[in-house]
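Coordinates in review
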Amino acid sequence: MSKKAKILEVICCVVVILLGFFAIKHNIQQGAQEVNHVRCLEKKSNTKLQQEKNKYYKNYKKYKSLAAQKAYLNKDQKVRDYYKDFTEDQLIRKRSRQFFSIYLSWSNSRDYLQRAHKLDKIITPQLAQDKNIFDNGKDVTGHNIIKNLGLHSRLNDLTIYSNNQMSSNKIALIKVVQESWRQDENPGLSNSFYLLQINSDALVDQVIRLK
Amino acid sequence: MKNIIKSYIPLIITTIIVFGLIVSVHVIKDSNLRSVQARAAQTEKFNKKQINYYRQKDQKLSKQYFYNQITKRDYDVVARKKSFNERISKAFTITFEQTKNKNDYNQLASKLTPLVGSKFSKELKSKVKPTMQPDGVERTPFAHLDNLKIAYGHLNESTQIIPVVIFASYSSPAIDGTSTGVITKGQDQIKKSSGIYKISYDLIADKIVNFSFKEGAIDHE
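Attention here is on the structure that accompanies the text. (Residues numbered from 1 in each chain as written. Chains lettered and ligands numbered in written order. Predicted model: local features only at pLDDT ≥ 70, side-chain atom pairs only at ≥ 80, totals over all residues. Heavy atoms only, no water.)

Here we come to the nonpolar core. In terms of nonpolar packing, the biggest core is built from 48 residues, with Ile88, Phe92, Phe96, Phe120, Val164, Ile166 and Ile199 of chain B touching the most fellow members. It is helix α4 (residues 77-96) of chain B that contributes the most residues to this core, 7 residues altogether. Two domains share this core, each providing at least three of its residues, namely domain 1 (2-61) and domain 2 (76-220) of chain B. With 20 residues, the next largest nonpolar core counts Ala116, Ile133, Ile160 and Tyr194 of chain A among its residues. (Core = buried A, V, L, I, M, F, W, Y, C linked by side-chain atoms within 4.5 Å. Buried < 20%, exposed > 50% of the residue type's maximum accessible area, 1.4 Å probe, protein only. Helix = DSSP H or I, 4+ residues; strand = E, 2+ residues; numbered from the N terminus. Domains from an automatic or database assignment.)

Printed below as a string of structure tokens:
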């Protein structure tokens, strides 16, 4: 084989390899695009279902609340009792949602420290000063964990269980899903139960976290 | 001819390898795409069914629908909940405060069953099985019910079943002596425990239809 032919063969090999490389690259990119497209459709479908669910539950709450209000005028004592029970439960639920939407939401240490102040209309002064509930975000060595770790948090979901009959205090046991993350990290979810005690003015009186 | 083929072997091998790689990548891409498509089709089918389900349920909703549900009940929801609170409180008090020895333990099922049913009474009974304690006496692990909270979720109007969550914390009796022979009395000798019970309570039948238990820890009290 002549030197020229050898060079030509090497060039051909390089061309084949390059063509192959581009063909594979194109194939992979096309595959990724197709998978993304399918995933987008799947996400769209899930969003549509969630919207339909939200619409249903919104209407469910709306009509149930309207029906309960109408029950207030009913002659039957047990129906009127149901209205009272329902209305008190709604108040406990409202207070619980207000509490956790602020208590578990912060994006910097300033937010973290202001939570008690933001909640002062619905919590007692004793609770606002309780350092076990509203700590300063520092560890035992005095380091600011919220600032140093860039710790963020927000409320993801909550399920409220209430009782207004056990004693003078109304209570709520709340399953909370908290979304928290460090700066430049993806959010992680954590579950916990909280016990809220609400006095007759519907002010949060006591908070106990149940892991 | 043979010589020509022989001299082009490197090119032929390179072409075969490259072609093989292209085919392999294509096959893997296709199989991955097919599995993603199959899953998406399954999700779409499920979601369509669910969307129809919620749309149909939504169309039935009205103020009158709920008003009828409230007024047609032949039982009193508030009274049932009140009575259930009392029965649960009594059952937990009997279990964690009044069951002290093997004799009490053996009578527990007969006391609890009328209050909370046989299945849930078995669950409570399992929490206080008498064992040999460090001071050499066989007795139940708990002596005090420290905290009991019962709370209700949303009543399902079509089934009339309401989810209930119970938080209970209990502690062991204080033990005066230790295995070292040193007589002490105080917090160190008290074992504390707590748990969350999730119950499905059928308001019409007035009984517990389902439950689960999760042991818990208290962060702050």
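Moving on from the model shown.
Right, let's talk about empty space enclosed by the protein for a bit. Overall, the coordinates contain 3 cavities of 30 Å³ or more when judged by the stated rule. In this structure, the largest cavity occupies an estimated 140 Å³ of space. For the largest cavity, the lining is made up of 13 residues, of which Tyr82, Phe86 and Asp89 of chain A together with Gly153 and Leu155 of chain B are closest to its centre. Every element with two or more residues in the lining of the largest cavity is listed here: α2 (77-103) of chain A together with α4 of chain B. For the lining of the largest cavity, the per-class residue count stands at 5 nonpolar, 3 polar and 5 charged. When its volume is computed, the second largest cavity comes out at roughly 60 Å³. Taken together, Tyr60, Lys61, Lys64, Phe86 and Gln90 of chain A together with His154 of chain B make up the lining of the second largest cavity. Elements that contribute at least two residues to the lining of the second largest cavity include exactly α1 (3-71) and α2 of chain A. With 3 residues, the top contributor of residues to the lining of the second largest cavity is α1 of chain A. Per-class residue counts for the lining of the second largest cavity are 2 nonpolar, 2 polar and 2 charged. (1 Å grid on protein atoms, 1.4 Å probe; cavity = no way out; pocket = protein on both sides within 12 Å on 5 of 7 lines; lining within 4 Å. Points joined across faces, edges and corners; volume = space filled by probe spheres on them. Nonpolar A, V, L, I, M, F, W, Y, C, P; charged D, E, K, R; others polar.)

For the rest of this paragraph, the subject is the layout of surface pockets. Considering only enclosed or pocket space, the largest pocket measures out at about 1100 Å³ in volume. Contributing to the lining of the largest pocket are 31 residues, with Tyr56, Tyr57, Tyr60 and Lys61 of chain A together with His154 of chain B lying nearest its centre. If you list the elements that add at least two residues to the lining of the largest pocket, you get α1, α2 and β1 (152-163) of chain A together with α2 (9-60) and α3 (63-72) of chain B. Residue classes in the lining of the largest pocket are distributed as 14 nonpolar, 8 polar and 9 charged. Viewed by domain, the lining of the largest pocket spans two of them, domain 1 (2-61) and domain 2 (76-220) of chain B, each represented by three or more residues.

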